[in-house]
Amino acid sequence: AINSKIDIYIADPMTPATNLLNELAERQVEGGYVVYQPEGEIAAINMALGASFAGAKAIVGTSGGGFDLMGEGLSMQGASQLPLVVYLASRVGPGTGIPTYTMQCDMNIALKSGHGEFPRIVIAPGDPVESIEKVNEAFYLANKFNSLAIILTDKHIAESEFSSLEKPKKPLDVKVKRKIPGEMNVKASSYEHDLNGLTTESASFAIKNAEERLWRYEEIKKECKRFEMVKTYGRKKSRNLIISWGSPTNAIIDAIEGLDYKLLQVIYIKPLSDKVKEEILKAKNVTLIENNLTGQLGRLIREKTGIKIKKRILKYDGRPFTSDELREMLR
């Protein structure tokens, strides 16, 4: 976020997203941005939209329960087209769940939350280096397309310690290109609007704006192909394919060392890369590995490709996968 030269981070404390609030608050003076804690998550997302309207690069952070409260604000983003980045750090649900443990159970809300139909980007990095790169990409895409970009992680990434020999790629330059109040008259609201931003219930503008949102998503899909939407590990020619996403990635990489497996890590959840279907069709055996109860990525793949992945390793006790247990299961 700092690499993207943010102007403001707004969040109410909620495990496991609180670490980011603390970390950014500690660095705000030297970083030249503002960290603000409002009275709750509804205030946070609406303040962020207001900051974005004024020309700021804004990000909000929360966990599942707070993200639920942000649903109306997400939908307002879709109507107002004010760029916004949201950090969603999953924990065990539903309800309060096991608040200090980990699961990948919030993909569904990241994809669907907010009423109406409007474009969004959902990115799920698997480790800190990817997080640095993908948050920067999220800011780039949100500001280029005046869109919503959601960074989806979980407690295992958000509150663990890592070491790495890899260095992040050079960050993209994130530019604010939209019209800014003060430079000219600018209108933005949650209402359908005409070319001047004035509210309207015109059928022709309803059609025009809906089709523009759909067109914008098609342009987002093209732009995302610039980036690593998926990664592969293990034996490149193996026909035993594992599909996973997010925090289990490194445990799987360790588990398949020396075994006849290839891992496909899905990083961009929305849009979903065409390579996912290509890799599945090339494989003889496909296994889905997720840290949740229902295989949410598997369900998304079935929706987008028509392919059901029957072999699944799912863990939903609030604990992360270990490489030893995965190795035994895969053997």
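That block above? That's the structure.
Everything numeric here is computed off the predicted structure, so don't read it as measured data.

A.B. asks: Quick question: what am I supposed to make of a nonpolar patch on the surface here?
C.D. replies: Together, V34, Y36 and M47 make up an exposed nonpolar region whose accessible area comes to about 250 Å². Along the chain, V34 falls in strand β2 (residues 34–36).

A.B. asks: Hey, could you run me through the packing of helix α6 (residues 128–145) against helix α8 (residues 203–224) in this one?
C.D. replies: Two packed helices can be described by the angle between their axes and the distance between those axes. Interaxial distance between α6 and α8 falls to 11 Å at its minimum, and their mutual angle equals 145°. Relative to α8, the crossing made by α6 is right-handed. Counting all contacts with α6, which are made through Y140, L141, K144 and F145, the residues of α8 involved are R216, E219, I220, E223 and C224.

A.B. asks: Help me out: how do you make sense of the pattern of salt bridges in this one?
C.D. replies: A side chain with one charge may pair with a side chain of the opposite charge, provided their charged atoms come close. A complete count under the given rule lists 17 salt bridges for this structure. Linking K221 and E218 is a salt bridge whose minimum nitrogen-to-oxygen distance equals 3.3 Å. Taken together, the positions of K221 and E218, both in helix α8 and 3 residues apart, correspond to about one turn of that helix. You can call E218 partly exposed: its relative accessible area is 34%. Linking E328 and R331 is a salt bridge whose minimum nitrogen-to-oxygen distance equals 3.6 Å. With respect to class, E328 is no different from R331; both count as exposed. Salt bridges sharing partners connect three or more residues here, namely E130, K169, E228 and K231.

Definitions and cut-offs
- Residues numbered from 1 in each chain as written.
- Predicted model: local features only at pLDDT ≥ 70, side-chain atom pairs only at ≥ 80, totals over all residues.
- Heavy atoms only, no water.
- Patch = residues over 30% accessible without salt bridge, like charges linked within 9 Å, V, L, I, M, F, W, Y side chains within 5 Å.
- Areas by Shrake-Rupley, 256 points an atom, 1.4 Å probe, with all protein chains shown as cover.
- Salt bridge = Lys/Arg side-chain N within 4 Å of Asp/Glu carboxyl O.
- Helix = DSSP H or I, 4+ residues; strand = E, 2+ residues; numbered from the N terminus.
- Axes fitted to C-alpha atoms, helices over the stretch in contact; angles between N-to-C directions.
- Left-handed = near helix turned anticlockwise from the far one by under 90°.
- Contact = heavy atoms within 4.5 Å.
- Buried < 20%, exposed > 50% of the residue type's maximum accessible area, 1.4 Å probe, protein only.

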